[in-house]
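What follows is each chain in one-letter form.
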Amino acid sequence: MLKYNSVNELALEAEKRGIKISELALEDQAKSMEISQQELYEKMEISFEVMKQSVIDGMKKDQKSMSGLTGGEGYLMNSYAQNSGGGLCGDFLSKAIARALAVAGCNASMGRIVAAPTAGSCGILPGCLVSLYEDRNFDEKTLIMSMFTAGAVGMVIANRASIAGAEGGCQAECGSAAAMAAAALVEVMGGTPSACADACAMALSNQMGLVCDPVAGLVEIPCIKRNVSGLVIAFSCADMALAGIKAKIPCDECIDAMKEVGDVMATTLKETAGGGLATTPTGIKLKEKVFDE
């Protein structure tokens, strides 16, 4: 059974055997769970279905969060993408942004989502993969398999550092999600396991130091819109890796650096709503509005 303590080791083992990281992870996890690979694949297939449905649910015009602070962002972005010819980002990326917003909005309104790896970062991976499925007609099985690659990367980060905002800041949530998605995207596009690791490293480095400062202590502001940043970082880092651009700092060292940064980060910036945007004048007013203080 794999230890999932090193992205580099995952990539090297996959390349040594001439298989994808997803195939390695599927084989290993099936053995660990004492179920067949087909049964485990079907469980992941269900997760992808949930992701697709959360996009639909979060894209509704009247979608609102329980607090009333957010809602409808996915609908607005999707409408803008359709009415502006894709806006500045182009049709594909604008719609992907809408999907990331939709899934994060679905979470804020207590809808069913897949934590990938957390609820606060839930829009990044589905925003990437569902967009490839719906707008680029990628094979569903290929996309579902790439989720095993994303999961393997997430397990390494969780074991080596953290995926919790309360422990490592938002770099541990949206940063980890962007890294997972970047690796999955590279695999979907036919990149090597080493290229997956490069994309992962670059994504982590691009969100290094990101604090977790939820307004009113809720996973809405600025969390939902940070899912968009993570999605764009995932796509751009995947493309860099596919172009042959190498990460100058190895992925595992990036993960270690993220942990080091998280360890020295002030507790007020780690999901306590004690600093950052949460304690701005407007942030405080929004908190008072939610809790009628």
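Just so you know, these numbers come straight off a predicted model, no measurement behind them.

Peer 1: Got a minute to help me understand the overall build of the protein in this structure?
Peer 2: When helices and strands are counted, the protein shows 13 helices and 0 strands. Whereas a compact globule of 293 residues would reach a radius of gyration of roughly 19 Å, the protein reaches 18 Å, a difference of no more than 12%. For the protein, the spread of C-alpha atoms along the three principal axes comes to 60 × 45 × 40 Å. Looking at the protein as a whole, 53% of its 293 residues are labelled buried. Contacts spanning at least 24 positions in sequence make up 74% of the contacts within the protein whose residues lie at least 6 apart.

Peer 1: Explanation requested: the pattern of salt bridges in the structure shown.
Peer 2: Opposite charge on two side chains allows them to pair when their charged atoms are near. Taken as a whole, this structure holds 13 salt bridges when the rule is applied. For Lys225, the salt bridge is made with Glu73, and the minimal N-O distance between the two is 3.8 Å. Taken together, the residues Lys225 in helix H11 (residues 223–242) and Glu73 in helix H4 (residues 73–83) connect sequence positions 152 residues apart. The exposure class of Lys225 is partly exposed, given its relative accessible area of 48%. Connected through shared salt-bridge partners, Arg17, Glu27 and Lys31 make up one network.

Peer 1: Would you explain H11 in this entry?
Peer 2: Residue pairs spaced three or four apart in an α-helix point in one direction, given the helix's 3.6 residues per turn. The end-to-end C-alpha separation of H11 is 29 Å, in line with the 28 Å expected for 20 residues at 1.5 Å each. Phi turns positive, to about 100 degrees, at Gly244, one or two residues after H11.

Peer 1: I tried to follow the side chain of Asn78 on my own but got confused; where do I start?
Peer 2: As for its placement among the helices and strands, Asn78 is situated in helix H4. Of the residues examined, Asn78 reaches a relative accessible area of 18% and is grouped as buried. Each residue touching Asn78, except ones within four places of it in the same chain, is listed here: Met59, Lys95 and Ala98.

Peer 1: Is there a simple way to think about the packing of aromatic side chains in this case?
Peer 2: A ring pair, where both rings are aromatic, is described by two values, the distance of the centres and the angle of the planes. A complete count under the given rule lists 2 aromatic pairs for this structure. Between Phe48 and Tyr133, the aromatic rings sit 5.8 Å apart at their centres with planes inclined by 85 degrees, giving edge-to-face as the arrangement. With Phe48 in helix H3 (residues 37–58) and Tyr133 in helix H6 (residues 124–135), this pair connects stretches of sequence that are 85 residues apart. The buried category is assigned to Phe48, whose relative accessible area is 0%. Here Tyr133 falls in the partly exposed class, since its relative accessible area comes to 27%. A ring pair is formed by Phe92 and Phe235, whose centres lie 5.5 Å apart and whose planes are at 75 degrees; its orientation type is edge-to-face. Highlighted residues: Phe92 in helix H5 (residues 91–108) and Phe235 in helix H11, separated in sequence by 143 residues. Look at Phe92 and you get buried, because its relative accessible area is 16%.

Peer 1: Explain the packing of helix H10 (residues 193–206) against H11 to me, please; I cannot follow it from the model alone.
Peer 2: What describes two packed helices is the angle between their axes and the distance between those same axes. Between H10 and H11, the shortest axis-to-axis distance is 8 Å and the interhelical angle comes to 140 degrees. With respect to H11, the axis of H10 lies oblique. As for the relative orientation of H10 and H11, their crossing is right-handed in sense. Residue-level contacts link Ala195, Asp198, Ala199, Met202, Ala203 and Asn206 of H10 to Ile233, Cys237, Ala238, Met240 and Ala241 of H11. Looking at the contact of H10 with H11 residue by residue, the classes come out as 9 nonpolar, 1 polar and 1 charged.

Cut-off values and rules
- Residues numbered from 1 in each chain as written.
- Predicted model: local features only at pLDDT ≥ 70, side-chain atom pairs only at ≥ 80, totals over all residues.
- Heavy atoms only, no water.
- Helix = DSSP H or I, 4+ residues; strand = E, 2+ residues; numbered from the N terminus.
- Rg over C-alpha atoms; globule rule 2.2 N^0.38 Å.
- Buried < 20%, exposed > 50% of the residue type's maximum accessible area, 1.4 Å probe, protein only.
- Contact = heavy atoms within 4.5 Å.
- Salt bridge = Lys/Arg side-chain N within 4 Å of Asp/Glu carboxyl O.
- Expected span 1.5 Å × (residues − 1).
- Phe/Tyr/Trp six-rings, centres within 6.5 Å; stacked < 30°, edge-to-face > 60°.
- Axes fitted to C-alpha atoms, helices over the stretch in contact; angles between N-to-C directions.
- Parallel < 35°, antiparallel > 145°, perpendicular 65-115°, else oblique.
- Left-handed = near helix turned anticlockwise from the far one by under 90°.
- Nonpolar A, V, L, I, M, F, W, Y, C, P; charged D, E, K, R; others polar.

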